[in-house]
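Working through the structure, step by step
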Amino acid sequence: MGYARQLNETNWLTVLGYAWVLFMTLALLPTVTPEAWRASVKALALPLMLLAAKDLASLPDVVARLRTLRRQGAGWGHWLAACLPPGLIGLMRLDRAIWRGFFC
């Protein structure tokens with residue numbers, strides 16, 4: 001349970017940075033490995049597993065938010081937003097505000 005708590009406390013930008021480093025490492029690794037190993041090195045599942053682990057670590061928080069929304073009788077948009085990480089929603093709102101300011 002300690003690993004899940006640590007992963008849940010790690011912010012999404014750090015996890016995305018780790019995933020990017022893993023993608024780049026796995027992209028460059030076939031150039032330095034022997035020919036017989038290249039098929040197994042090309043598996044890009046490791047960075048995706050890191051992102052999935054971050055999602056699964058936040059699952060108890062998502063369930064709590066969904067229970068609260070069910071008691072409130074919220075619509076489907078709120079249910080969808082409750083499944084996303086709060087940091088991602090904040091980034092989307094910031095992005096929308098930046099684009100709105102740019103176009104105005």
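Residues numbered from 1 in each chain as written. Predicted model: local features only at pLDDT ≥ 70, side-chain atom pairs only at ≥ 80, totals over all residues. Heavy atoms only, no water.

**Description of the overall build of the protein**
Going by this rule: Numbered from the N terminus, helices here are DSSP runs of H or I no shorter than four residues, and strands are runs of E no shorter than two. When a residue's accessible area, from a 1.4 Å probe over protein chains only, is under 20% of the maximum for its type it is buried; when over 50% it is exposed; and in between it is partly exposed. Throughout, the Shrake-Rupley method with a 1.4 Å probe supplies accessible areas, and for residues the shown protein chains are the sole cover considered.
What the protein contains, in helices and strands, is seven helices and zero strands. Along the protein, helices and strands appear, N-terminal first, in the series α-α-α-α-α-α-α. For the protein, buried positions account for 18% of its 104 residues. For the protein, the accessible area works out to roughly 8,100 Å², and carbon and sulfur atoms hold 69% of it.

**Some remarks on the environment of Lys-54**
Mapped onto the fold, Lys-54 is located in helix H4 (residues 45-57). On the basis of relative accessible area, Lys-54 is assigned to the buried category, the value being 3%. Linking Lys-54 and Pro-85, residues 31 residues apart in sequence, is a C-alpha distance of 9.8 Å.

**Observations regarding the packing of aromatic side chains**
We describe a pair of aromatic rings using the distance from one ring centre to the other and the angle between the two ring planes. Condition: Any Phe, Tyr or Trp ring, taking Trp's six-membered ring, that has another such ring centre within 6.5 Å forms a pair; planes under 30 degrees apart are called stacked, those over 60 apart edge-to-face, and the others tilted.
Scanning all chains against the criterion turns up three aromatic pairs. With a centroid separation of 5.7 Å and an interplanar angle of 90 degrees, the aromatic rings of Trp-99 and Phe-102 are classed as edge-to-face. Separated by three residues within a single helix, Trp-99 and Phe-102 lie in helix H7 (residues 86-103), roughly one turn from each other. Residue Trp-99 is classed as partly exposed on the basis of its relative accessible area, which comes to 46%. Looking at Phe-102, the relative accessible area reads 60%, which means it is exposed. Measuring from centroid to centroid gives 5.1 Å for Phe-102 and Phe-103, while their planes differ by 70 degrees, and the two rings are edge-to-face.

**Here's the deal with the packing of helix H5 (residues 59-72) against helix H6 (residues 76-83)**
Two numbers describe a pair of packed helices, the interaxial angle and the distance between the axes. Threshold: Angles shown run from 0 to 180 degrees and are taken between the N-to-C directions of axes, each axis being a line fitted to C-alpha atoms and, for helices, limited to the stretch in contact. Here roughly perpendicular refers to angles of 65 to 115 degrees, roughly parallel to angles under 35, roughly antiparallel to angles over 145, and oblique to all remaining angles. By convention the crossing between two helices is left-handed if the near helix lies anticlockwise of the far one by an angle smaller than a right angle, and right-handed if it lies clockwise. In what follows, residue pairs with any heavy atoms lying within 4.5 Å of each other are defined as contacts.
Running from amino to carboxyl end, H5 crosses H6 at an angle of 165 degrees, the nearest separation of the two axes being 9 Å. Relative to H6, the element H5 is oriented roughly antiparallel. As H5 runs across H6, the sense of the crossing is right-handed. For the pair formed by H5 and H6, the contact residues are Val-62, Arg-65, Leu-66, Leu-69 and Arg-70 on the first element and His-78, Trp-79, Ala-82 and Cys-83 on the second.

**Comments concerning a nonpolar patch on the surface**
For clarity, the threshold we go by: Like charges are joined within 9 Å and nonpolar side chains (Val, Leu, Ile, Met, Phe, Trp, Tyr) within 5 Å, but only among residues with over 30% relative accessible area and no salt bridge; these make up the patches. Criterion for a salt bridge: a side-chain nitrogen of Lys or Arg within 4 Å of a carboxyl oxygen of Asp or Glu.
Side chains of Leu-13, Leu-16, Leu-91, Leu-94 and Ile-98 sit close together on the surface and give an oily, nonpolar patch of about 490 Å² of accessible area. Within the residue set of the nonpolar patch, elements represented by two or more residues are helix H2 (12-32) and H7. When residues of the nonpolar patch are assigned to their parent elements, the largest contribution, three residues, is made by H7. Turning to its location among the elements, Leu-16 is positioned in helix H2. Under the relative-accessibility criterion, Leu-16 is labelled partly exposed at 42%.

**Details of the environment of Ser-58**
By the element assignment, Ser-58 lies in the loop between H4 and H5. A sequence separation of 26 residues divides Ser-58 from Leu-84, and the C-alpha atoms of the two residues are 9.5 Å apart.

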